Amino acid sequence: MRDISMSELRELVRDDRVHRRVFLDADLFELEMHRIFARNWIFVGHESQVAKPGDFFSTRIGRQPVVMARHTDGKVRVLYNRCGHRGAKVVNEEAGNAKRFRCLYHGWMYHTDGRLAAVPLPDDYPAGCDLKDPKLGMIEVARVASYRGFVFASLSAKVPDLVDWLGEAKQGLDDVADGSPEGEVEFAGGCHRYEYAGNWKHQYENLTDCYHTLSTHASTVADDGQQFHRRPGETGGQAEFTDKAGAPVILDIGVYTYPNGHSATDTIIKEPAAGGVMEKYRKQLIKKHGKERAEEVLRQPYHNMTIFPTLDILFVQNVIRVIMPIAVDRTEVRIFPMRFKGAPREIFENHIKYVNLTHSASSFVQSDDLEAFRRVQQGLEAQGTEWNLLARGIGQERVNNKGVGYGTRSSELGQRHQHHAWLEAMVRD
Ligand code: FES
Ligand SMILES: [Fe+2]
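Predicted, not measured: the structure shown is a model, and the values here were computed from it.

Caption draft 1: Local environment of the overall build of the protein chain. For the protein chain, the count of helices and strands is 13 helices and 23 strands. Relative to a compact globule of 429 residues, whose C-alpha radius of gyration would be 22 Å, the protein chain shows 23 Å and is just as compact. Taken along its principal axes, the extent of the C-alpha atoms in the protein chain is 80 × 60 × 55 Å. With 429 residues in all, the protein chain has 39% of them scored as buried. Within the protein chain, residue pairs in contact and separated by at least 24 positions form 61% of the contacts whose partners lie at least 6 positions apart.

Caption draft 2: Representation of helix α5 (residues 170-178). With respect to burial, α5 is a largely interior element, seven of its nine residues being buried. All buried positions along α5 are accounted for by Lys170, Gly172, Leu173, Asp175, Val176, Ala177 and Asp178.

Caption draft 3: Layout of helix α9 (residues 277-289). Given a rise of 1.5 Å per residue, 13 residues ought to cover 18 Å, and the 18 Å separating the end C-alpha atoms of α9 matches this to within 8%. Following α9 by one or two positions, Gly290 has its phi on the positive side, about 85°.

Caption draft 4: Structural detail: the pairing of strand β11 (residues 143-147). Alignment of β11 against strand β12 (residues 150-154), held across five bridges, turns out to be antiparallel. What sits directly across from Arg143, in β12, is Ser154. The loop that links β11 with its antiparallel partner β12 comprises two residues; one of these, Arg148, has a positive phi angle of about 50°.

Caption draft 5: Representation of the domain arrangement of the protein chain in the model. What the domain assignment lists for the protein chain is domain 1 (42-158) and domain 2 (167-427). Measuring from the centre of the C-alpha atoms in domain 1 to the corresponding centre in domain 2 gives 32 Å. On the side of domain 2, 14 residues touch domain 1, which itself brings 11 residues to the contact. Partitioned by chemical class, the residues of the side of domain 1 that touches domain 2 number four nonpolar, five polar and two charged.

Caption draft 6: Fine view of the packing of α9 against helix α10 (residues 291-299). With their axes 7 Å apart at the nearest point, α9 and α10 run at an angle of 130° to one another. As summarised for this structure, α9 and α10 are arranged oblique, according to the angle between their axes. The chirality of how α9 crosses α10 is right-handed. Contacts between α9 and α10 involve Arg282, Leu285, Ile286 and His289 from the former and Lys291, Arg293, Ala294, Val297 and Leu298 from the latter.

Caption draft 7: Here's a closer look at the nonpolar core. Val44, Val66, Met68 and Ala153 are the most contacted members of the largest nonpolar core, which totals 76 residues. When we break this core down by domain, the ones giving at least three residues each are domain 1 (42-158) and domain 2 (167-427). In this structure, Val44 is in contact with Thr59, Ile61, Val66, Met68, Val78, Val151, Phe152 and Ala153, ignoring residues within four places of it in sequence. If you look at the next biggest cluster of nonpolar residues, it comprises nine residues, including Val13, Val22, Phe23 and Phe29.

Caption draft 8: Inspection of the environment of Gln300 at higher detail. As for its position among the elements, Gln300 is in the loop between α10 and β17 (302-307). Taking the number of C-beta atoms within 10 Å as the measure of exposure, Gln300 has 18 and is therefore partly exposed. The residues touching Gln300, leaving out its near neighbours within four places in the chain, are Thr267, Ile269, Pro272, Phe315 and Val316.

Caption draft 9: Local environment of the environment of Asp164. Secondary-structure assignment places Asp164 in helix α4 (residues 162-166). For the pair Asp164 and Arg334, spaced 170 residues apart in sequence, the C-alpha to C-alpha distance is 26 Å.

Caption draft 10: Spatial organisation of the environment of Leu390. Structurally, Leu390 can be placed in the loop between β21 (387-389) and β22 (398-399). Classification of Leu390 as buried rests on a count of 23 C-beta atoms within 10 Å. The spatial distance from the C-alpha of Leu390 to the C-alpha of Ser411 is 8.7 Å, given a sequence separation of 21 residues. If sequence neighbours within four positions are ignored, Leu390 has contacts with Asp16, Arg17, Val18, Glu412, Gln415 and Arg416.

Caption draft 11: Structural context of the sheet that holds β21. Ordered by their spatial adjacency, three strands build an open sheet running β1-β2-β21, and the pairing between neighbours is antiparallel. The open sheet has two edge strands with one neighbour each: β1 (13-14) and β21.

Caption draft 12: A look at the confidence of the model for the protein chain. Averaged over every residue, the pLDDT of the protein chain is 92; the share at 70 or more is 92%. For the stretch residues 225-232, pLDDT sits under 50, and the model shows 10 contacts to residues farther than four places along the chain or on other chains. Low pLDDT (under 50) marks residues 236-240, which in the prediction has nine contacts with non-local residues, meaning those over four places away or in another chain.

Caption draft 13: Structural view of the sheet that holds strand β7 (residues 95-97). One open sheet accounts for four strands, arranged β6-β5-β4-β7; its pairing is antiparallel. At either end of the open sheet lies a strand with only one pairing partner, and these are β6 (76-80) and β7. Looking at each pair of strands side by side, their axes are set apart by 25° on average, direction ignored.

Caption draft 14: Here's a closer look at the packing of helix α6 (residues 200-207) against helix α12 (residues 365-379). Look at α6 against α12: their axes get within 10 Å of each other, and the N-to-C directions meet at 130°. Comparing their axes, α12 and α6 come out oblique. As α6 packs across α12, the resulting crossing turns out to be right-handed. In this structure, α6 contributes His202, Gln203 and Asn206 to the contact, and α12 contributes Asp369, Phe373, Val376 and Gln377. A breakdown of the residues in the contact of α6 with α12 according to their chemical character gives two nonpolar, four polar and one charged.

Caption draft 15: Just the pairing of strand β23 (residues 405-408), in detail. Residues Gly405 and Gly407 point to one face of β23 and are all buried, whereas Tyr406 and Thr408, pointing to the other face, are not buried. Across four bridges, strand β15 (residues 254-257) lies against β23 in antiparallel orientation. Residue Gly254 lies in a different strand from β23, and its bridge partner there is Thr408. Sheet analysis places β22 next to β23, joined by two bridges and oriented antiparallel. The residue of β23 that forms the bridge with Arg398 is Tyr406. From the end of β22 to the start of β23, which pair antiparallel, there are five residues, and Gly403 there has a positive phi angle of about 80°.

Calculation notes
- Residues numbered from 1 in each chain as written.
- Chains lettered and ligands numbered in written order.
- Predicted model: local features only at pLDDT ≥ 70, side-chain atom pairs only at ≥ 80, totals over all residues.
- Helix = DSSP H or I, 4+ residues; strand = E, 2+ residues; numbered from the N terminus.
- Rg over C-alpha atoms; globule rule 2.2 N^0.38 Å.
- Buried ≥ 20, exposed ≤ 12 C-beta atoms within 10 Å, placed from the backbone.
- Contact = placed C-beta atoms within 7 Å.
- Expected span 1.5 Å × (residues − 1).
- Pairing = 2+ DSSP bridges.
- Domains from an automatic or database assignment.
- Nonpolar A, V, L, I, M, F, W, Y, C, P; charged D, E, K, R; others polar.
- Axes fitted to C-alpha atoms, helices over the stretch in contact; angles between N-to-C directions.
- Parallel < 35°, antiparallel > 145°, perpendicular 65-115°, else oblique.
- Left-handed = near helix turned anticlockwise from the far one by under 90°.
- Core = buried A, V, L, I, M, F, W, Y, C linked by C-beta atoms within 7 Å.
- pLDDT = per-residue confidence, 0-100.

Take a look at the structure:
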């Protein structure tokens, strides 16, 4: 990997623009894996995915395979998914329940807390070879912590307390968990998954981009499929981005920025749903949280909230989105529907229907964005200019004394904030 100096990194992000290299340079991507993904809190999964002892869930932190598992002592651990013998990935199923993990290659067996349990033909090792050495186990990552059931891990021990690091953004996790009459959610709806031919930061940029909706999603909302046609004969569409009077909803929403690169956007829903099953649900929440907090949760003040660098909460659909970089120009995104424990079944069914419509691989809205990411990645190869302009709303932001910024309407405050957090992480000692 080519050496990239601190001053070279600082050149890439300016107050109103970002250099195209941050999306294109494979050496920078390698550096991101070390400086961002290996030494920050990264979301791993939810405790409900490993509810019982022996339950496990395989995922990645950056590109490193890990497995989250609940051991017989009830504790949730995050282990490097690597055999202590000759390195094979031990757990290859995405999720399941196991008494032991068994490596395919030579049959080494591990307890679900990572300790080596058994080795075939152990007597063939010489006397000095200590099979009790913990390094021969599946090693635990340096830090694991959970907040309201959301499990984060860090490959480096040098990270602040999780709650301090979440800061203002922990409110998003509170709002989701308090949406349950039992105070906790379950990842109970499987997983939607998509990949796109572009850098992972396109997806993160998009999460606070209120500017793109009217154009990018034109093919979703307009009746003539005016941006691009997905298939011959397509004519339909539905109005999701205008209010009842036909005015664009971006006119009165904005973006919040929080310390450590987290952010949120205002809700596009004016009134919480009411009537029918919602009344039963409202009563349940009032009983659990009191009227004021229940109404606050039902109002859902945010459309989405991001937790840098990989997590996004979409409130209306009640899903978590996780950005998983694969290569400088390839990204996987996973979407996990959440069920409010104890809430009426219809609430969950409605969320599932909604996310199928907006964010499944065959959905309307999300596939518009993916087409934009692909085009950005391709367009950035052109050498006419080196910079992406992010100047919208400069000078109009408000910042309060907690370091929370707010930019109205189509402000690019969120993208500026993201790239500054990226730079800070990349140049930190
Ligand atoms: S590599 Fe796992 S048992 Fe040999
Ligand atoms: Fe979008």
